[in-house]
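Descriptive structure summary
Residue strings, one per chain:
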Amino acid sequence: MPRTVTVGLDGSPESLAAAEWAADEARSRAVPVRLVHAGDQPPYDYVPFAGEAVGPPDVDRGAHMLREVAAVLAHRRPGLRITWARLAGRPVAALTDAAREADVLVLGSRGLGRAAGHLLGSVASAVVARAEQPVVLVRAGAGPGQGRLGTAPQSGPHRDVVLGLDLREHPAEALLEFAFDTAARHRAGLRVLHGWKLATAQDAGTQKEPPADRGEALTDALRPWREKFPEVEVAEEAVVGTAGSHLVDASRDAGLVVVGRRRRPAPLGPHIGPVTHHVLRHAVSPVAVVSHD
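Because the structure is predicted, anything quoted here is derived from the model rather than measured. (Residues numbered from 1 in each chain as written. Predicted model: local features only at pLDDT ≥ 70, side-chain atom pairs only at ≥ 80, totals over all residues. Heavy atoms only, no water.)

1. Here we look at the side chain of Thr 276
Position of Thr 276 among the secondary structure elements: in helix 8 (residues 274-282). Apart from the residues within four sequence positions on either side, Thr 276 is in contact with Val 259, Gly 260 and Val 289. (Helix = DSSP H or I, 4+ residues; strand = E, 2+ residues; numbered from the N terminus. Contact = heavy atoms within 4.5 Å.)

Shown next as structure tokens:
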């Protein structure tokens, strides 16, 4: 299967912002961008990029939207390879299947818990919890340059990649590979955050390592990746407090926040995890969720 960056479109402003982000990511990877519309429901009442009127009721609005978005992306990015497709079936299943055939799946989001449009709220949450490939959620209206990575002229203001790293278990290679590779391709810096809580009298006996060793452990975890990607400028921060809150704060100046989702059995089915869930609800920048063992 050809490598692609796939973006789910429902016509909402968030999904149109996701299409722009996906097009830039596809160009950085030198792969096509694939536009998909999932399900049989008509798309959200969107305002087309080109300001053209949406077709009459008897027109296939999903196909009309995909063609229109493809045309505008092609105009703005000459040479970008673009394909589009209608996906049968329920949106969650269709988008999860589409993620398996892509390097990255990109969706629009207003934050979990606010349902508006087919790709927001519960659908985006369910896809993130199930997809095995990285999923990036993009919001609309974040301001000029938000979500633009790196220092290249077309990228706008300089914005780094921010990675949330959990050191309680062996750091996931898939998560580190994605963050370093993204920073390298976009010529962006990488800011790595590890959050930890101060031990209380109740859990003092269970703390595995003294706080002074947190910075050293972070440095050790990143050393082989610094050697693999010497061109990436890395800033390490072992911070006291909830990791999710620090990542949300960092998202205000970030081009992308990268967090992990550990694949593990759960009684109620796939889940996202509290830190990732918090970041998805509150982060300003696009968020990449990378599934790992």
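What follows picks up the thread again.
2. Points about helix 2 (residues 61-76)
An ideal rise of 1.5 Å per residue puts 22 Å on 16 residues; helix 2 measures up with 23 Å between its terminal C-alpha atoms. Of the residues making up helix 2, those classed as buried are Arg 61, Gly 62, Ala 63, His 64, Met 65, Leu 66, Glu 68, Val 69, Ala 70, Val 72 and Leu 73. Against the buried residues of helix 2 lie helix 1 (13-29), strand 2 (33-38) and strand 3 (82-87). (Expected span 1.5 Å × (residues − 1). Buried < 20%, exposed > 50% of the residue type's maximum accessible area, 1.4 Å probe, protein only.)

3. Overview of the nonpolar core
Residues Val 7, Leu 9, Leu 35, Val 106, Phe 180, Leu 190 and Val 258 are the most contacted members of the largest nonpolar core, which totals 49 residues. Excluding residues within four positions of it along the chain, Val 258 makes contact with Val 161, Val 162, Leu 163, Gly 164, Leu 175, Phe 178, Ala 179, Ala 288 and Val 290. Residues Ala 99, Leu 247, Val 257 and Leu 280 belong to the second largest nonpolar core, which totals 30 residues. (Core = buried A, V, L, I, M, F, W, Y, C linked by side-chain atoms within 4.5 Å.)

4. A word on the pattern of salt bridges
Under the defined criterion, the tally for this structure stands at 16 salt bridges. We note a salt bridge from Glu 25 to Arg 29, for which the minimum N-O separation is 2.8 Å. Of the two residues, Glu 25 and Arg 29 both sit in helix 1, 4 residues apart, roughly one turn of that helix. Here the two residues Glu 25 and Arg 29 agree in accessibility, since each one is buried. Two residues, Glu 101 and Arg 34, come together in a salt bridge whose shortest N-O distance is 3.6 Å. With Glu 101 in the loop between helix 3 (91-100) and strand 4 (104-108) and Arg 34 in strand 2, this pair connects stretches of sequence that are 67 residues apart. (Salt bridge = Lys/Arg side-chain N within 4 Å of Asp/Glu carboxyl O.)

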